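Chain by chain, the residues run as shown.
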Amino acid sequence: AQSVSQHNHHVILSEAASLELGCNYSYGGTVNLFWYVQYPGQHLQLLLKYFSGDPLVKGIKGFEAEFIKSKFSFNLRKPSVQWSDTAEYFCAVNAYSNDYKLSFGAGTTVTVRA
Amino acid sequence: GAGVSQSPSNKVTEKGKDVELRCDPISGHTALYWYRQSLGQGLEFLIYFQGNSAPDKSGLPSDRFSAERTGGSVSTLTIQRTQQEDSAVYLCASQGRGTDTQYFGPGTRLTVL
């Protein structure tokens, strides 16, 4: 079975600081990778995804993530956070050979202080 | 049309009662998923419907959980004889055929007293 690990449970930053959230997965086959974000009081929404091609993918709101196959990692980054980035971030993996059901990490709560 | 909707948004019930949670997917989406998010944990897959195929029930935690999808659209998740450990946020997601992104609803927060 797949599993997804997010290294940080809660991250607190000041505005303009850089953000990096770690995500590792355990699955030996081809995977599709996602980061979802849940802003306070809102639905889960897709931030970015990787299926194939350039391992550095760019998403909405200035976020990017890098897929490193040898490390089974898909870390999320943003060079300069804003107060509005306060949210919970979830890494998710789908095994390419299966349907699209997702295995999620436990989530990382990011608090950005103004 | 509009996004995925779920009802009720909150449900408080007593231990041992049955509950039904409803999901209205985005119109035309053929795939529908149910997930559960327990306190401090990530989302856990429960069940998956794709068109007219038999559902994938591999994530259902016990036989007290069941789900159906009528007419390929609305889905109902039923939990019988609820237990306190069933307390969680239940999320529904839908996905269009040939696409790779799931769209999530707002969830139903279930509290079992």
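Above this note sits the structure.
The following refers to the structure shown. None of these values were measured; they are calculated from a predicted model.

Rules used throughout
- Residues numbered from 1 in each chain as written.
- Chains lettered and ligands numbered in written order.
- Predicted model: local features only at pLDDT ≥ 70, side-chain atom pairs only at ≥ 80, totals over all residues.
- Heavy atoms only, no water.
- Contact = heavy atoms within 4.5 Å.
- Buried area = accessible area lost by both parts, 1.4 Å probe.
- Salt bridge = Lys/Arg side-chain N within 4 Å of Asp/Glu carboxyl O.
- Helix = DSSP H or I, 4+ residues; strand = E, 2+ residues; numbered from the N terminus.
- Buried < 20%, exposed > 50% of the residue type's maximum accessible area, 1.4 Å probe, protein only.
- Polar contact = N/O pair within 3.5 Å; in protein donor to acceptor, adjacent residues only side chain to side chain.
- Core = buried A, V, L, I, M, F, W, Y, C linked by side-chain atoms within 4.5 Å.
- Pairing = 2+ DSSP bridges.
- Disulfide = S-S within 2.5 Å.

1. Considerations on the interface of chain B and chain A
With 21 residues of chain B at the interface, the matching set in chain A holds 17 residues. Here chain B and chain A share an interface that buries about 1500 Å² over both sides, 56% of which is from carbon and sulfur atoms. Per-residue buried area on chain B facing chain A is highest for Leu43, Asp100 and Phe104 of chain B; these three make up 35% of the total on that side. Counting across the chain B and chain A interface gives 2 salt bridges. The salt bridge partner of Asp56 of chain B is Lys101 of chain A, with a shortest N-O separation of 2.7 Å.

2. Describing the environment of Ser3 of chain A
Residues and elements named next belong to chain A. Relative to the helices and strands, Ser3 is located in strand E1 (residues 3-6). By relative accessible area, which is 37% here, Ser3 ends up partly exposed. Discounting residues that sit within four places of it in the chain, Ser3 has contacts with Asn24, Tyr25 and Ser26. Here the side chain of Ser3 touches Ser26 through a polar contact of 2.6 Å, side chain to side chain.

3. Points about the environment of Tyr33 of chain B
Relative to the helices and strands, Tyr33 of chain B is located in strand E4 (residues 31-37). The spatial distance from the C-alpha of Tyr33 of chain B to the C-alpha of Ser94 of chain B is 6.2 Å, given a sequence separation of 61 residues. Not counting residues within four places of it along the chain, the set of residues in contact with Tyr33 of chain B comprises Tyr100 and Lys101 of chain A together with Phe45, Ile47, Tyr48, Leu91, Cys92, Ala93, Gln95 and Gln102 of chain B. Side chain to side chain, Tyr33 of chain B and Gln95 of chain B meet in a polar contact 3.0 Å long.

4. Digging into the nonpolar core
Within the largest apolar cluster, 28 residues are counted, with the highest numbers of intra-cluster contacts made by Trp35, Leu48, Phe74, Leu76 and Tyr89 of chain A. Counting residues in each nonpolar core, the second largest holds 20 residues, with Val4, Leu46, Ile47 and Leu110 of chain B among its members.

5. Some details on the pairing of strand E8 (residues 64-68) of chain A
Regular strands show a simple pattern: their side chains alternate between the two faces of the sheet. Residue and element names in this part refer to chain A. Two elements, strand E7 (residues 56-58) and E8, share 3 bridges in a ladder whose sense is antiparallel. Within E8, the residue paired with Leu56 across the bridge is Glu66. In this antiparallel pair of consecutive strands, E7 and E8, the connection spans 5 residues, and Lys61 shows a positive phi of 60°.

6. Some points on the state of the cysteines
Taken as a whole and judged by the stated rule, the model has 2 disulfides over all chains. Between the sulfur of Cys23 of chain A and that of Cys91 of chain A lies a disulfide, 1.9 Å long from S to S. Looking down the S-S bond of the Cys23 of chain A and Cys91 of chain A bridge, the torsion is -70°, so its handedness is left-handed. Placement of the pair is Cys23 of chain A in strand E4 (residues 23-26) and Cys91 of chain A in strand E10 (residues 87-95), with a sequence separation of 68 residues. Summarising the burial analysis for this pair, Cys23 of chain A and Cys91 of chain A share the class buried. The disulfide bridge from Cys23 of chain B ends at Cys92 of chain B, spanning 1.8 Å between sulfur atoms. Taking the sign of the torsion about the S-S bond as the criterion, the disulfide between Cys23 of chain B and Cys92 of chain B, at about -60°, is left-handed. Of this pair, Cys23 of chain B sits in strand E3 (residues 19-24) while Cys92 of chain B sits in strand E8 (residues 88-95); the two residues are 69 residues apart in sequence, bridging distant segments of the chain.

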